[in-house]
Amino acid sequence: TNSLYRIPYDATLTNFDVKASSIGGLTAAIRIAGPDFGDPLTSGITGCSLGIEGLTGSSTVFDQASVTAGNFVLLDIFSNDSGSTGTQAFLTFESR
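Residues numbered from 1 in each chain as written. Predicted model: local features only at pLDDT ≥ 70, side-chain atom pairs only at ≥ 80, totals over all residues. Heavy atoms only, no water.

Some remarks on the environment of Ser59
And step 1. Within the secondary structure layout, Ser59 lies in strand β5 (residues 56-59).
And step 2. Taking the C-alpha atoms as reference points, Ser59 and Thr42, 17 residues apart in sequence, are found 24 Å from one another.
And step 3. Every residue in contact with Ser59, bar those within four places of it in the chain, is listed here: Thr14, Asn15, Phe16, Cys48 and Leu50.
And step 4. Side-chain polar atoms of Ser59 contact the backbone nitrogen of Val61, separated by 3.1 Å. (Helix = DSSP H or I, 4+ residues; strand = E, 2+ residues; numbered from the N terminus. Contact = heavy atoms within 4.5 Å. Polar contact = N/O pair within 3.5 Å; in protein donor to acceptor, adjacent residues only side chain to side chain.)

Pasting the structure below:
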């Protein structure tokens, strides 16, 4: 999870889906990156976090849904109790 994705200016995050390769607990988050691309988690904002026990999970509830400055987002795996070796994340957003 070392890549950033640029969200268009004035977008609203609408849906976050996660698929893990193993069951047993995984917590992932979409983070709006901070200003330091070398360490994007510093001063970053959590857009949405999602804990799943099975293989998949979905959320439409966001801590911060508004992206107002063409910010970059990234996937942050908080915990991986399942031992998943592969995780897919899908983020849906609407441009205003």
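There is more to say, and it comes next.
Here we look at the packing of aromatic side chains
And step 1. Going through the model one piece at a time under the given rule, you end up with one aromatic pair.
And step 2. Consider the rings of Phe37 and Phe72, whose centres lie 5.0 Å apart with planes at 75°: the pair is edge-to-face. Of this pair, Phe37 sits in the loop between β3 (26-32) and β4 (45-52) while Phe72 sits in strand β7 (residues 72-79), placing them 35 residues apart in sequence.
And step 3. Taking the relative accessible area as the measure of exposure, Phe37 reaches 51% and is therefore exposed. (Phe/Tyr/Trp six-rings, centres within 6.5 Å; stacked < 30°, edge-to-face > 60°. Buried < 20%, exposed > 50% of the residue type's maximum accessible area, 1.4 Å probe, protein only.)

Regarding the sheet that holds strand β1 (residues 5-6)
And step 1. Pairing in this open sheet of four strands is antiparallel, and the strands run β1-β7-β3-β4 from one edge to the other. The sheet is open, and its two edges are formed by β1 and β4, each paired on a single side. (Pairing = 2+ DSSP bridges.)

A look at the side chain of Asn15
And step 1. Its place among the elements puts Asn15 in strand β2 (residues 11-20).
And step 2. Side chain to side chain, Asn15 and Asp17 meet in a polar contact 2.7 Å long.
And step 3. Beyond its immediate sequence surroundings of up to four residues, Asn15 is in contact with Ser58, Ser59, Thr60, Phe62, Phe90, Leu91 and Thr92.

Comments concerning the side chain of Ser82
And step 1. Residue position: Ser82 is located in the loop between β7 and β8 (87-95).
And step 2. For Ser82, the contacting residues outside a window of four places in its chain are Ser22, Ile23, Gly24, Gly25 and Leu26.

Section: the confidence of the model for the chain
And step 1. Averaged over the chain, the pLDDT score is 90; the fraction of residues at 70 or greater is 98%.
And step 2. At the low end of the mean pLDDT range in the chain sits strand β6 (residues 66-67), at 88; at the high end sits β5, at 96. (pLDDT = per-residue confidence, 0-100.)

Observations concerning the environment of Thr56
And step 1. Structurally, the position occupied by Thr56 is in strand β5.
And step 2. If near-sequence neighbours (up to four positions away) are discounted, Thr56 is found in contact with Val18 and Lys19.

Quick word on the pairing of β7
Two faces, one strand: in a regular strand the side chains alternate between the faces of the sheet.
And step 1. Both β1 and β7 contribute to a ladder of two bridges, which runs antiparallel. Pairing of Tyr5 across the sheet is with Val73, part of β7.
And step 2. Examined bridge by bridge, β3 and β7 share six bridges and lie antiparallel to one another. By the bridge assignment, Ala28 is partnered in β7 with Ile77.

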